[in-house]
Amino acid sequence: MMARVLLTCGEPAGVGPELAPLALAAGADIVWMGDPRHLPQGTAWTPVAAPGDTVPPGHLPVLRHDFAGPATPGRPDPAHAADVIAVIARAVDLAMTGQVAAICTAPISKEALIRGAGFAFPGHTEFLAHLAGDVPVAMMLASTTVTPPCRVVPATIHIPLAEVPAALTEQALEQAIRLTHAALIRDFGLSAPRIAVAGLNPHAGEGGMMGTQDRDLIAPLIARLRAECLHVTGPHPADTMFHAPARARYDAAIACYHDQGLIPIKTLDFDGGVNVTLGLPFIRTSPDHGTAFDIAGKGLADPSSTIAALRLATDMAAARALLLHDNILRGSPDGRHRSEARPATGRMPPASGKAP
């Protein structure tokens, strides 16, 4: 039996505590970490000493972490900041020691953490990477309800658009591609993943007529990776990459900047999109929304994205466990010999074109 997924409390004044009982009611096998005083009134919960402890049917298993006091929905309290941070750190410890199958993090308020505890990280992802040993990471937004699936990894994230060309270095793009390639094998069960890279400029630069980065930086990198037998194509014009026939030809897309990748997936699967951190030694997913202070405590929180994040975390944990099992049987450290549903052709498609 697989271990439970741990759902962190997130910011207690946001919708995070409301989402836990809703996810449990939807069938998620979770253990929640936080202060039970912050759960909605009437929530059936049972304290547990270990993540896998048995609880009565319909009860939320709770790993208690008592905060400085109760929470007021919609009004973040800086006094809670240190405990929000401590919950994340405890969750990572449990994941790193294999006591939980994965972590699903409820939204936090970076402003509250900075004001209350001098939080020194841009967000959840960077803090998790630090706790894992300052490992390189990438952000994937993955759909869970559209077919073919849409998975997008931006090579640059939260920076002004004017700074993207300078930030889009060969090193940054290669790291995003390699992290995506490894995650698709380890966590999505694909032994020969197909990755499509979007061009930076309109029409992928039109041969240098609309910018030279696609021709001079992206295309040579893709050629080098293809020489290593990575199934990477591009640079592709981004405006023809995300309709269904194009998505059927790749398993994940690399975007050059934030909105290039996130606009398509949020348009295609707004409620089912999940934030996944690639590169961590444990699985971490998160709902693709914030603390929603404006509706906290009003019974209006939509659990769809949290439920999707929990289900994806469970699926990823199962894929990782299967790969580990197969590696042990085959004596292979990277799982490249494991069969997959899509038959191998022994050849790769052209490196670029109007669509992947």
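Residues numbered from 1 in each chain as written. Predicted model: local features only at pLDDT ≥ 70, side-chain atom pairs only at ≥ 80, totals over all residues. Heavy atoms only, no water.

Trainee: What is the right way to read empty space enclosed by the protein from this model?
Mentor: The gaps of empty space that remain are located by a probe, the size of a water molecule, rolled over the atoms. Taken as a whole, this structure holds one cavity of 30 Å³ or more when the rule is applied. The computed volume of the largest cavity comes to approximately 40 Å³. Every residue lining the largest cavity is listed: Ala183, Arg186, Asp187, Val276, Thr277, Leu278, Gly279, Leu280, Phe282, Ile283, Met316 and Arg320. When residues in the lining of the largest cavity are grouped by element, the largest group, three residues, is from strand β11 (residues 274-278). (1 Å grid on protein atoms, 1.4 Å probe; cavity = no way out; pocket = protein on both sides within 12 Å on 5 of 7 lines; lining within 4 Å. Points joined across faces, edges and corners; volume = space filled by probe spheres on them. Helix = DSSP H or I, 4+ residues; strand = E, 2+ residues; numbered from the N terminus.)

Trainee: It is not clear to me how the nonpolar core should be interpreted in this structure. Could you clarify?
Mentor: Looking at soluble globular proteins, one finds that nonpolar side chains tend to be buried together. Of all hydrophobic cores here, the largest spans 79 residues; its most connected members are Met140, Leu173, Ile177 and Ile254. Examining the composition of this core, we find that nine residues originate from one element, helix α2 (residues 81-96), more than from any other. Residue contacts for Leu173: discarding those within four places in its chain leaves Ala155, Leu168, Val197, Leu217, Ile218, Leu221 and Ile254. Cys150, Ala198, Met241 and Leu262 belong to the second largest nonpolar core, which has 14 residues in total. (Core = buried A, V, L, I, M, F, W, Y, C linked by side-chain atoms within 4.5 Å. Buried < 20%, exposed > 50% of the residue type's maximum accessible area, 1.4 Å probe, protein only. Contact = heavy atoms within 4.5 Å.)

Trainee: How do you make sense of helix α9 (residues 258-268) when you look at a structure like this?
Mentor: An α-helical segment advances 3.6 residues per turn. Residues three or four places apart therefore align on the same side. The complete set of buried residues in α9 reads His258, Gln260, Gly261, Leu262, Pro264 and Ile265. Against β6 (138-142), β7 (151-154), β8 (194-198) and β10 (252-255) lie the buried residues of α9.

Trainee: I'm lost on the pairing of β7 in this one. Help?
Mentor: Each regular strand displays side chains that alternate between the two surfaces of the sheet. Burial along β7 is two-sided: Arg151 and Val153 and Val152 and Pro154, pointing in opposite directions, are all buried. Alignment of β6 against β7, held across two bridges, turns out to be antiparallel. Pairing of Leu141 across the sheet is with Val152, part of β7. As paired strands, β7 and β10 are joined by three bridges and run parallel to one another. Within β10, the position partnered with Val153 by the bridge is Ile254. (Pairing = 2+ DSSP bridges.)

Trainee: Which parts of the structure should I look at to understand the layout of surface pockets?
Mentor: Quantified by volume, the largest pocket comes out at close to 850 Å³. As for the largest pocket, its lining consists of 32 residues, of which Thr125, Met139, Ile157, His158 and Asn275 are closest to the centre. Every element with two or more residues in the lining of the largest pocket is listed here: α4 (124-131), β6, α6 (170-186), α9 and β12 (284-287). Considering only residue class, the lining of the largest pocket consists of 15 nonpolar, 12 polar and five charged. (Nonpolar A, V, L, I, M, F, W, Y, C, P; charged D, E, K, R; others polar.)

Trainee: How do you make sense of the pattern of salt bridges when you look at a structure like this?
Mentor: For the structure on display, the rule yields 13 salt bridges. Its salt-bridge partner being Glu174, residue Arg178 comes within 2.8 Å of it at the nearest N-O pair. Within this pair, Arg178 and its partner Glu174 are both found in helix α6, separated by four residues, close to a single helical turn. When salt bridges that share partners are traced, they join Glu170, Glu174, Arg178, Arg224 and Glu228 into one network. (Salt bridge = Lys/Arg side-chain N within 4 Å of Asp/Glu carboxyl O.)

Trainee: What is the right way to look at the sheet that holds strand β3 (residues 45-47) in this model?
Mentor: Working definition: the strands of a sheet are paired by backbone hydrogen bonds and lie parallel or antiparallel to each other. Spatial strand order, β3-β4-β2-β1-β5-β12-β11-β6-β7-β10-β8-β9: 12 strands in an open sheet with mixed pairing. The open sheet has two edge strands with one neighbour each: β3 and β9 (231-236). Direction aside, neighbouring strands of the sheet carry axes that sit 30° apart on average. Contacts from helix α1 (residues 16-25) reach β1 (5-8), β2 (30-34) and β4 (60-64), with the element oriented near 165° to β2. (Axes fitted to C-alpha atoms, helices over the stretch in contact; angles between N-to-C directions.)

Trainee: How do you make sense of the packing of aromatic side chains when you look at a structure like this?
Mentor: The description of an aromatic ring pair rests on the distance of the ring centres and on the angle between the ring planes. Summed over all chains, the structure comprises three aromatic pairs. Centroid distance Phe119 to Phe121: 5.5 Å. Interplanar angle 55°. Geometry classified as tilted. For Phe121, a relative accessible area of 24% translates into the label partly exposed. Where Phe121 meets Phe127, the ring centres are 5.2 Å apart and the plane angle is 45°; that geometry is what we call tilted. Judged by relative accessible area, Phe127 falls into the buried class, the value being 7%. Among the aromatic residues, ring-to-ring pairing joins Phe119, Phe121 and Phe127 into one connected group. (Phe/Tyr/Trp six-rings, centres within 6.5 Å; stacked < 30°, edge-to-face > 60°.)

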